[in-house]
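Descriptive analysis of the structure
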Amino acid sequence: MSAKDAPPPLPDPLLVEVADSHTHLDMQSGTVEEALVKAAAVGVTTVVQVGCDVKGSQWAAETAAAHEHVHAAVALHPNEAPRIVLGDPDGWSRQGAREGGGDAALDDALAEIDRLAALPYVRGVGETGLDFFRTGPEGIAAQERSFRAHIEIAKRHGKALVIHDREAHADVLRVLDEEGAPERTVFHCYSGDAAMAEICAAKGYYMSFAGNVTFKNAQHLRDALAVAPLELVLVETDAPFLTPAPYRGRPNAPYLIPVTVRAMAEVRGIGENDLAEAIAVNTARAFDY
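Please read all numbers here as calculations on a predicted model, not as lab measurements. (Residues numbered from 1 in each chain as written. Predicted model: local features only at pLDDT ≥ 70, side-chain atom pairs only at ≥ 80, totals over all residues. Heavy atoms only, no water.)

1. Observations regarding the nonpolar core
Defined as follows: Residues grouped as a nonpolar core are buried Ala, Val, Leu, Ile, Met, Phe, Trp, Tyr and Cys residues, joined through side-chain atoms within 4.5 Å. Exposed residues in this analysis have more than 50% of their type's maximum accessible area, buried residues have under 20%, and partly exposed residues fall in between, with area computed by a 1.4 Å probe over protein chains only. Helix and strand assignments follow DSSP, with helices taken as H or I runs no shorter than four residues and strands as E runs no shorter than two, numbered in order from the N terminus. Here a residue-residue contact requires only that any non-hydrogen atoms of the pair lie within 4.5 Å.
Core analysis: the biggest nonpolar cluster contains 81 residues, and Phe 147, Leu 176, Phe 187, Tyr 190, Phe 209 and Met 264 have the highest contact counts within it. Per-element accounting of this core gives the leading share, six residues, to helix 4 (residues 102-117). Excluding its chain neighbours within four sequence positions, the residues that come into contact with Tyr 190 are Met 196, Ala 197, Cys 200, Met 207, Ser 208, Phe 209, Leu 221 and Ala 224.

Shown next as structure tokens:
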């Protein structure tokens, strides 16, 4: 195993326990139990396992049912909706090549997300939203239809809405305004700037910061974190992606949360324990556990 593929070392433990508000244990190496033990060893005692498609959402719900400190979020990722409708000839989404099933196939998939969202271990509907980075104009209608359906599902079941917003800030905010956002709405892997953070703050949306807040080229994220109200700030890994500096490019996992928390505390100019306390309370409130 090259150094680049090797898991980073365990950071010093946080003294105040926190939650990883967004992770993908099904895409990480090792077992769920191993991941949870490593995370708990450094003070990360709760994780939100997030589904991106029907199978992944079913797995998230089953995993949350089996583990007390795992909560599930279920959804069709914004890039999954157009693949269901239009097909996925290159099999990019880990499911192999697929034929397009049209709107009926999207309806069937949304019905299963709706069923899962009713389960007690499922605390969120997400990650849903809009992604104009990977999906071109031909897929935008399917994305937006899916996003609107997920907002309705979250509201009807009283669950948090977990948003994936990539290069689509204005449209995501527009759809939330048009549909009426659920009481608890989380911008996962917050990617906007300080001006957008002020809009989110005014609407009471949670902003979850990932390891990319530590990247050299991410000053806009640090500026956003600096103005976000402390009671709306969460932390996440989005593991196995977005590993914080100095481990960027190596596999991410929930146990690396302390690295990001310490970087965030520095940006805020507060102690890591104070930030961890706020994050712990905020995550429990956002996901109602």
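2. Some words on the pairing of strand 7 (residues 160-166)
Quick note on the threshold: Strands are treated as partners if at least two bridges between them are detected by DSSP. By convention, orient the strands away from the viewer: a clockwise path from the first strand over the helix to the second makes the crossover right-handed.
The element strand 7 is largely enclosed, with a buried count of six among its seven residues. As judged from the six bridges shared by strand 6 (residues 122-131) and strand 7, these two strands associate in the parallel manner. What sits directly across from Val 125, in strand 7, is Leu 161. The handedness of the strand 6 to strand 7 crossover, carried by helix 5 (residues 140-157), is right-handed.

3. What to know about the packing of helix 2 (residues 54-66) against helix 4
Note the following rule: Inter-axis angles, ranging from 0 to 180 degrees, are taken between N-to-C directions of lines fitted to C-alpha atoms, where helices are fitted over the stretch in contact. In these notes the angle categories are as follows: under 35 degrees is roughly parallel, over 145 is roughly antiparallel, 65 to 115 is roughly perpendicular, and the rest is oblique. Gly is put with the polar residues, along with every residue not named as nonpolar or charged; the nonpolar set is Ala, Val, Leu, Ile, Met, Phe, Trp, Tyr, Cys and Pro, and the charged set is Asp, Glu, Lys and Arg.
Where helix 2 contacts helix 4, the two axes come as close as 10 Å, and the packing angle between them is 10°. Overall, the two elements helix 2 and helix 4 adopt an arrangement that is roughly parallel. On helix 4, the residues that touch Val 54, Ser 57, Gln 58 and Ala 61 of helix 2 are Ala 109, Glu 112, Ile 113 and Leu 116. Residue composition of the contact of helix 2 with helix 4, grouped by class: five nonpolar, two polar and one charged.

4. Remarks on the sheet that holds strand 8 (residues 185-187)
Read from one edge to the other, the open sheet built from eight strands follows the order 1-2-3-6-7-8-9-10, with strand pairing classed as parallel. Two strands lie at the open edges of the sheet, namely strand 1 (18-23) and strand 10 (233-235), each paired on one side alone. Each neighbouring strand pair of the sheet contributes to a mean axis angle of 30°, computed without reference to strand direction. With two bridges connecting them, strand 8 and strand 9 (residues 206-209) associate as parallel partners. Bridge pairing in strand 9 places Val 186 opposite Tyr 206.

5. Focus: the packing of aromatic side chains
Convention followed: A pair of aromatic rings is counted whenever rings of Phe, Tyr or Trp (Trp by its six-membered ring) have centres within 6.5 Å, and the orientation is called stacked for planes under 30 degrees apart, edge-to-face for over 60 and tilted otherwise. Only when the NZ of Lys or the CZ of Arg is both within 6 Å of the ring centre and within 35 degrees of the ring normal is a charge said to sit over the ring.
Tallied over the full model, the rule gives two aromatic pairs. Centre to centre, the rings of Tyr 190 and Phe 209 are 5.5 Å apart; their planes meet at 50°, and the pair counts as tilted. Placement of Tyr 190 in the loop between strand 8 and helix 7 (194-203) and of Phe 209 in strand 9 is noted, with a sequence separation of 19 residues between them. The same class applies to Tyr 190 and to Phe 209, which are both buried. Lying over the aromatic face of Phe 133, Arg 166 brings its terminal NZ or CZ to 3.6 Å of the ring centre. Over the face of the ring belonging to Phe 215 we find Arg 248, whose NZ or CZ atom lies 3.7 Å from the ring centre.

6. Regarding the pattern of salt bridges
Where we set the bar: Whenever a carboxyl oxygen of Asp or Glu lies within 4 Å of a side-chain nitrogen of Lys or Arg, that contact is scored as a salt bridge.
A full pass over the atoms with the stated rule returns 16 salt bridges. Here Asp 88 and Arg 98 are joined by a salt bridge, their closest N and O atoms 3.9 Å apart. Of the two residues, Asp 88 is situated in strand 4 (residues 87-88) and Arg 98 in strand 5 (residues 98-99); the sequence distance between them amounts to 10 residues.

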